[in-house]
Amino acid sequence: MPNALLTPFATWTYDQNYTAWNAVLDGKQGSETVSPIAAPARLADFAGLAAAYIEVGDLDNFRDEDIAYAQQLARAGVSVELHVHPGAPHGFERFAPNSKVAKRAMNDRIRVIQSL
């Protein structure tokens, strides 16, 4: 659902997202044939999934669904590390790779990967 408060900051628009999902799902979005592997929001049982690292900018159109996914994982007892980066839009680390927020996010990613 589009969030009018985020629209002015969108670096990835709702139209682009629709186009991408249409391509990935071959026009089957909304149908019962879409697997939760392709669209994790369709997952009904989160128990037993691997620990998750989730990060999103608070100006990202995906913010709310990323937070909701992290909550679903946590409710199922899955370990979750969630970062919501203040003032950051979608793709912030590509647009400003030398910014403090991008460096912090990259350090967190490396830390998590090294801990596996």
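What counts as what
Residues numbered from 1 in each chain as written. Predicted model: local features only at pLDDT ≥ 70, side-chain atom pairs only at ≥ 80, totals over all residues. Heavy atoms only, no water. Helix = DSSP H or I, 4+ residues; strand = E, 2+ residues; numbered from the N terminus. Contact = heavy atoms within 4.5 Å. Areas by Shrake-Rupley, 256 points an atom, 1.4 Å probe, with all protein chains shown as cover. Expected span 1.5 Å × (residues − 1). Buried < 20%, exposed > 50% of the residue type's maximum accessible area, 1.4 Å probe, protein only. Arc of directions from axis to C-beta. Salt bridge = Lys/Arg side-chain N within 4 Å of Asp/Glu carboxyl O. Pairing = 2+ DSSP bridges. Right-handed = clockwise from strand over helix to strand, strands pointing away.

1. Quick look at the overall build of the protein chain
Each helix and strand counted, the protein chain has four helices and two strands in total. Considering only C-alpha atoms, the protein chain reaches an extent of 45 × 35 × 20 Å along its principal axes. Look at the contacts in the protein chain between residues 6 or more apart in sequence, and 59% of them connect residues 24 or more apart. Surface exposure of the protein chain reaches about 7,800 Å², of which carbon and sulfur atoms provide 59%.

2. Some points on helix H4 (residues 100-114)
In this model H4 runs 21 Å from its N-terminal to its C-terminal C-alpha over 15 residues, within 8% of the 21 Å that 1.5 Å per residue would give. If you check which residues of H4 are buried, you get Val-101, Ala-102, Ala-105, Asp-108 and Val-112. All buried residues of H4 project into a common sector of 125° when viewed along the axis, lining one side. Every exposed residue of H4 that faces more than 90 degrees away from the buried side is listed here: Lys-100, Asn-107 and Gln-114.

3. A closer look at the pattern of salt bridges
A side chain with one charge can pair with a side chain of the opposite charge if their charged atoms come near. According to the stated counting rule, one finds six salt bridges in the structure shown. A salt bridge links Asp-64 to Arg-63; the nearest nitrogen and oxygen atoms lie 2.8 Å apart. On the basis of relative accessibility, which here comes to 42%, the residue Asp-64 falls in the partly exposed class. Glu-93 serves as the salt-bridge partner of Arg-109, at 3.3 Å between the closest nitrogen and oxygen.

4. Details of the pairing of strand S2 (residues 80-85)
Direction of pairing for strand S1 (residues 52-57) relative to S2: parallel, over a ladder of six bridges. Across the sheet, the residue bridging to Gly-57 is His-85, located in S2. Crossover handedness for the path S1 to helix H2 (residues 63-75) to S2: right-handed.

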